[in-house]
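Okay, here's what each chain looks like letter by letter:
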Amino acid sequence: MSKKEPIIALSASVSTYDRVIPLSDQLVEIGLRVALPAMAERMKTEGRANEEARIDWPARSDGYTYKEKLMRDHFALVARSDALLVANYEKNGKPNYIGGNVLMEMTVAFYLKKPIFILNSAPQDSPLIDEIMGVRPVFLHGDITNLPGLV
């Protein structure tokens, strides 16, 4: 019987989904199944630009109800996966950015005792650094071929 490929959930700031999609393709090439956030999956399927990066949540008619749905759906995706990979790219001039929503996804993985990998180095000057480090992630320093226990 052949071994089933592990599933790795991806988390990232919505503004970096244009970089997350090619990363997901690279992960597939090294033998992993990838669970993308719903918006990134739609962007990939439809072959379109990242319009979601400009969502004004309070201005939407379904505003926070839709955001809540996206968050719950991604938490469920993390729960069904074998591990979490945080793609922490630069955002608004902040290198290795990890925001509140991604930290919540990391917390779900941490609570469920799933390995947490962070693509790049730790964010500098983040008000969330103690919580980020507290979930005991493994930093890959840009090398996705070094996913312990997965590849």
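This text goes with the structure placed above it.
Residues numbered from 1 in each chain as written. Predicted model: local features only at pLDDT ≥ 70, side-chain atom pairs only at ≥ 80, totals over all residues. Heavy atoms only, no water.

K.L.:
With reference to specific residues and values, describe helix α1 (residues 17–29).
P.N.:
Here α1 is 13 residues long and its end C-alpha atoms lie 19 Å apart, about the 18 Å a rise of 1.5 Å per residue gives. Taken together, the buried positions of α1 are occupied by Tyr-17, Val-20, Ile-21, Leu-23, Ser-24 and Leu-27. Viewed along the axis of α1, the buried residues span an arc of 165 degrees, placing them on a single side of the element. Check the buried side of α1 and you find it contacts β1 (7–11), β2 (33–35), α2 (38–46) and β3 (83–86). Positive phi shows up at Gly-31, right after α1, with a value of about 100 degrees. (Helix = DSSP H or I, 4+ residues; strand = E, 2+ residues; numbered from the N terminus. Expected span 1.5 Å × (residues − 1). Buried < 20%, exposed > 50% of the residue type's maximum accessible area, 1.4 Å probe, protein only. Arc of directions from axis to C-beta. Contact = heavy atoms within 4.5 Å.)

K.L.:
Which residues make up the nonpolar core, and what are the values?
P.N.:
One finds Ile-8, Val-20, Leu-23, Leu-27, Leu-85, Phe-117 and Leu-147 to be the most contacted residues of the largest nonpolar core, which totals 26 residues. Going through the elements one at a time, β1, α1, α2, α3 (63–80) and β3 are the ones with two or more residues in this core. When residues of this core are assigned to their parent elements, the largest contribution, 5 residues, is made by α1. Every residue in contact with Ile-8, bar those within four places of it in the chain, is listed here: Leu-27, Leu-32, Arg-33, Val-34, Ala-35, Ser-81, Ala-83, Leu-84, Leu-85, Phe-117, Leu-147 and Leu-150. (Core = buried A, V, L, I, M, F, W, Y, C linked by side-chain atoms within 4.5 Å.)

K.L.:
Can you lay out the environment of Val-86 for me, pointing to particular residues and giving the numbers?
P.N.:
Mapped onto the elements, Val-86 comes out in strand β3. Take Val-86: its relative accessible area is 1%, and that puts it in the buried class. Taking the C-alpha atoms as reference, Val-86 lies 12 Å from Gly-100; in sequence the two are 14 residues apart. Look past the residues within four positions of Val-86 in its chain and what remains in contact with it is Ser-11, Ile-98, Val-102, Met-106, Phe-117, Ile-118 and Leu-119.

K.L.:
So what about the sheet that holds β1? Which residues, and what values?
P.N.:
Read from one edge of the open sheet, 5 strands run β2-β1-β3-β4-β5, paired in parallel fashion. Only two strands of the sheet have a single neighbouring strand rather than two, namely β2 and β5 (138–139). Bridge count between strand β4 (residues 116–118) and β5: 2 bridges; the pairing is parallel. Note on β5: the bridge partner recorded for Phe-117 is Val-138. Helix-sheet contacts for α3 involve β1, β2 and β3, and the interaxial angle to β1 is about 150 degrees. Relative to the sheet, helix α4 (residues 100–111) contacts β1, β3 and β4, its axis offset from that of β3 by approximately 160 degrees. (Pairing = 2+ DSSP bridges. Axes fitted to C-alpha atoms, helices over the stretch in contact; angles between N-to-C directions.)

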